[in-house]
Each structure stands twice: as C-alpha cells, then as structure tokens.
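Topology and contacts: notes
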Amino acid sequence: MSNEALYSLLFYLISFMVLISAVAAMTMRNLVHAALMLALSFVTVAGIYVLLHADFLAAVQLLIYGGAIPVLIVFGVMLTRTPGNRESNPVNRQTVLWGSGVAALLFAVLMLALNKADFVVRGTLAKEPSIEGIARLMLGDFVIAFEVAAVLLLAAMIGAIVLARGGEAK
Amino acid sequence: MNISLEHFLAVGAMLFCIGLYGVLTKRNAVAVLMGIELMLNAVNINLVAFNRFVAPQDFIGQLFAIFVIVVAAAEVAVGLALVICVYRIRDSVHVDDLNLLKW
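Residues numbered from 1 in each chain as written. Chains lettered and ligands numbered in written order. Predicted model: local features only at pLDDT ≥ 70, side-chain atom pairs only at ≥ 80, totals over all residues.

**Here's the deal with the overall build of chain A**
Scanning chain A from N- to C-terminus turns up six helices and zero strands. Counting from the amino terminus, chain A carries its helices and strands in the arrangement α-α-α-α-α-α. Relative to the compact-globule value of 15 Å for 170 residues, chain A shows a C-alpha radius of gyration of 21 Å, a clear excess of over 25%. C-alpha extents for chain A along the principal axes are approximately 65 × 40 × 30 Å. Across the 170 residues in chain A, those meeting the buried criterion constitute 24%. For chain A, the proportion of contacts with a sequence separation of at least 24, taken over those separated by at least 6, is 58%. (Helix = DSSP H or I, 4+ residues; strand = E, 2+ residues; numbered from the N terminus. Rg over C-alpha atoms; globule rule 2.2 N^0.38 Å. Buried ≥ 20, exposed ≤ 12 C-beta atoms within 10 Å, placed from the backbone. Contact = placed C-beta atoms within 7 Å.)

As structure tokens, this is what we get:
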C-alpha cells in the first residue's frame, strides 16, 4: 500500500471515530457513559493532530483533553447526581427539533462557504521541529500572551476553589 | 484521493455542529459544558489544519491552539465550580430550572 493511500485510510478512520464518539457523547442517556465517549473523542482528535504534523500539540491534547478534562467532567457528574443515573442526560424535547435544525443549517452554510473559499495552500513543510518553533514564538513574539495565560490559569484556579468551596461554614 | 485542507475543515465543521446540537438541546448543565468542549476542539482542528496547509513555515496556528486549550481548561474548571455551586443552592443542574433571571 502506498504512503498516500495509507494516509487517506488513517484520516478517514480517525475522523470516523472522532465523529461517531462525539455523536455518542451527545446522545447517550447515561451522563457518565457520555463523558467517557467524550474522552474517546478527545483522544482521537490527537490522532488528527498527528496526521497534521503537530506532534507537540498531540501530546498536549492527550495530557489535557485525554486526562484532565474528562476527570473534571466525571467529577462534576458525580457531585451533581440527580436521582437515578440512568436518565441523567435528558434532552429538552421541545428544543430537539430547533437544535438539530440550527446545527444542520450551520453545517450547510459552512459547507457552502468551504466550497466557495479559495485557500492558498503551500506544500513545503517547516525546517525546524514543531516544539522548537512553538517555543521560539511563545517566548518571543507572544511572550505577553504567554504571561497573561499564566495569570488567567491562576485566576481560574482561585475562582474555582472559592466557588466550589461555598460560602461561610455554619 | 489526496487528503487536502478541505477534508480537515469538513471534519472540524461536523464536530462543531455536533457540539452545537448538544449545547442547544441538553438539559443537564454538565452536558452543555461537554458540548462547548467539543466545539472548542473543532476550532482547534481548524487552526492546526490551516497551520499545516496555509502557513507551514511557522507555528502560529499551533500556538493559537495551545492558547485555546489553556482558555478551555480554565473555562471548564470555573464552569464546573459554578455548576456545583448552583447544585448546592438549587438542588438541580437542569438549565430549564435556572430561570431566576428570566424576564
């Protein structure tokens, strides 16, 4: 099998898994199962990053989206249990029609735009490894955004602790 | 058939619309947060695909994707803390029940 054909096969396989597990995460009745399907979707998105030669980003995706965020979400599910876990992920029946209609309409518009758009595609790959390029940009041109991201994470951490801890103990 | 930029953008668009469907139709606030995470992932796929095909010499798209991941992590932490806080007060996480500020 040629390299091109293998690449195409991998692309279709990984994309299929991403989309199927995303659909399962949004439609499963049990919210814990939905969270696990969401984790599977995030992990397979890392495969798409590998296909796009973004190796460092794939590792970040696995660490944060494959590990940290599903754990947080499962914790959220466990701490806010509604009686009977089986029906913990109900859909609002009146909005199903509107929701799917809006989503389908947006998809149609996006596909139309994608069909009309004309992107300038350059075939050459970068000379340096991606992690070196990202480090050069992050600590060079984008160092202020990097520092602000650190402050944002600290603020989010303190805010989450204060909110989840609740008010004064009585 | 060769895999081009449009293929990756189509996957991103589909993932975004699946997430949007979840956000619009779910009643559980945690499920709404899961839909938002899917949408952010779709955006990341688009950023990395543009980086790979339109500007492969530089890594700005990947850098933006990292910042999106940082903001998404902060968002999900604060969002879940808010959901737990609401659950403690209202004993419910159904977004239909949270209508105190409506009208």
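Now that the structure is up, let's keep going.
**Here we look at the packing of helix H1 (residues 3-27) of chain A against helix H2 (residues 31-51) of chain A**
The relative placement of two packed helices is expressed as an angle between their axes plus a distance between the axes. Residues and elements named next belong to chain A. Across the interface, H1 lies against H2 with an axial gap of 8 Å and an inter-helix angle of 155°. As the angle between them shows, H1 and H2 are arranged roughly antiparallel. The way H1 lies across H2 gives a crossing that is left-handed. Contact residues: Leu10, Phe11, Ile14, Met17, Val18, Ser21, Ala22, Ala24 and Ala25 in H1; Ala34, Met37, Leu38, Leu40, Ser41, Thr44, Val45, Gly47, Ile48 and Leu51 in H2. A per-class count over the contact of H1 with H2 returns 15 nonpolar, four polar and no charged. (Axes fitted to C-alpha atoms, helices over the stretch in contact; angles between N-to-C directions. Parallel < 35°, antiparallel > 145°, perpendicular 65-115°, else oblique. Left-handed = near helix turned anticlockwise from the far one by under 90°. Nonpolar A, V, L, I, M, F, W, Y, C, P; charged D, E, K, R; others polar.)

**Re the nonpolar core**
If you look at the biggest cluster of nonpolar residues, it comprises 70 residues, and the most contacted ones within it are Leu15, Val30 and Met34 of chain B. Breaking this core down by element, the ones donating at least two residues are H1, H2, helix H3 (55-79) and helix H6 (143-165) of chain A together with helix H1 (5-25), helix H2 (29-53) and helix H3 (60-90) of chain B. With 14 residues, H2 of chain B is the largest single contributor of residues to this core. Looking at which domains feed residues into this core, each of domain 1 (1-115) and domain 2 (127-170) of chain A gives three or more. (Core = buried A, V, L, I, M, F, W, Y, C linked by C-beta atoms within 7 Å. Domains from an automatic or database assignment.)

**Some thoughts on the packing of H6 of chain A against H3 of chain B**
Interaxial distance between H6 of chain A and H3 of chain B falls to 8 Å at its minimum, and their mutual angle equals 10°. Relative to H3 of chain B, the element H6 of chain A lies roughly parallel. At the point where H6 of chain A passes H3 of chain B, the crossing takes the left-handed sense. Contact residues: H6 of chain A offers Ala145, Ala149, Leu152, Leu153, Ala156, Met157, Gly159, Ala160, Leu163 and Ala164 of chain A, while H3 of chain B offers Phe67, Val70, Ala74, Ala77, Val78, Ala81, Leu82, Ile84 and Cys85 of chain B. In terms of residue class, the contact of H6 of chain A with H3 of chain B is built from 18 nonpolar, one polar and no charged.

**Topic: the environment of Phe16 of chain A**
Residue and element names in this part refer to chain A. Turning to its location among the elements, Phe16 is positioned in helix H1. On the neighbour-count criterion, Phe16 (12 C-beta atoms within 10 Å) is exposed. The spacing of Phe16 and Thr44 is 28 residues in sequence and 9.5 Å in space, taken between C-alpha atoms.

**Remarks on the confidence of the model for chain B**
When pLDDT is averaged along chain B, the result is 89; 98% of the residues meet or exceed 70. As scored by the predictor, the complex reaches a pTM of 0.90 and an ipTM of 0.90. (pLDDT = per-residue confidence, 0-100.)

**Let's talk about the interface of chain B and chain A**
With 64 residues of chain B at the interface, the matching set in chain A holds 75 residues. Contributing elements (two or more residues each) for the side of chain B that touches chain A: H1, H2 and H3 of chain B. The greatest single-element share of the side of chain B that touches chain A, amounting to 21 residues, is contributed by H3 of chain B. Counted by class, the side of chain B that touches chain A contains 47 nonpolar, nine polar and eight charged residues.

**Quick word on the environment of Ala126 of chain A**
Along the chain, the position of Ala126 of chain A falls in the loop between helix H4 (93-116) and helix H5 (130-138). Separated by 32 residues in the primary sequence, Ala126 of chain A and Ile158 of chain A place their C-alpha atoms 39 Å from one another.

**A look at unusual backbone geometry**
At His53 of chain A, a position not held by glycine, the phi torsion is positive, near 65°. With respect to the secondary-structure elements, His53 of chain A resides in the loop between H2 and H3. In this structure His53 of chain A comes out as partly exposed when scored by C-beta crowding, with 16 C-beta atoms within 10 Å. We note that Asp91 of chain B has phi near 60°; this positive angle belongs to a residue other than glycine. On the secondary structure map, Asp91 of chain B appears in the segment after H3.

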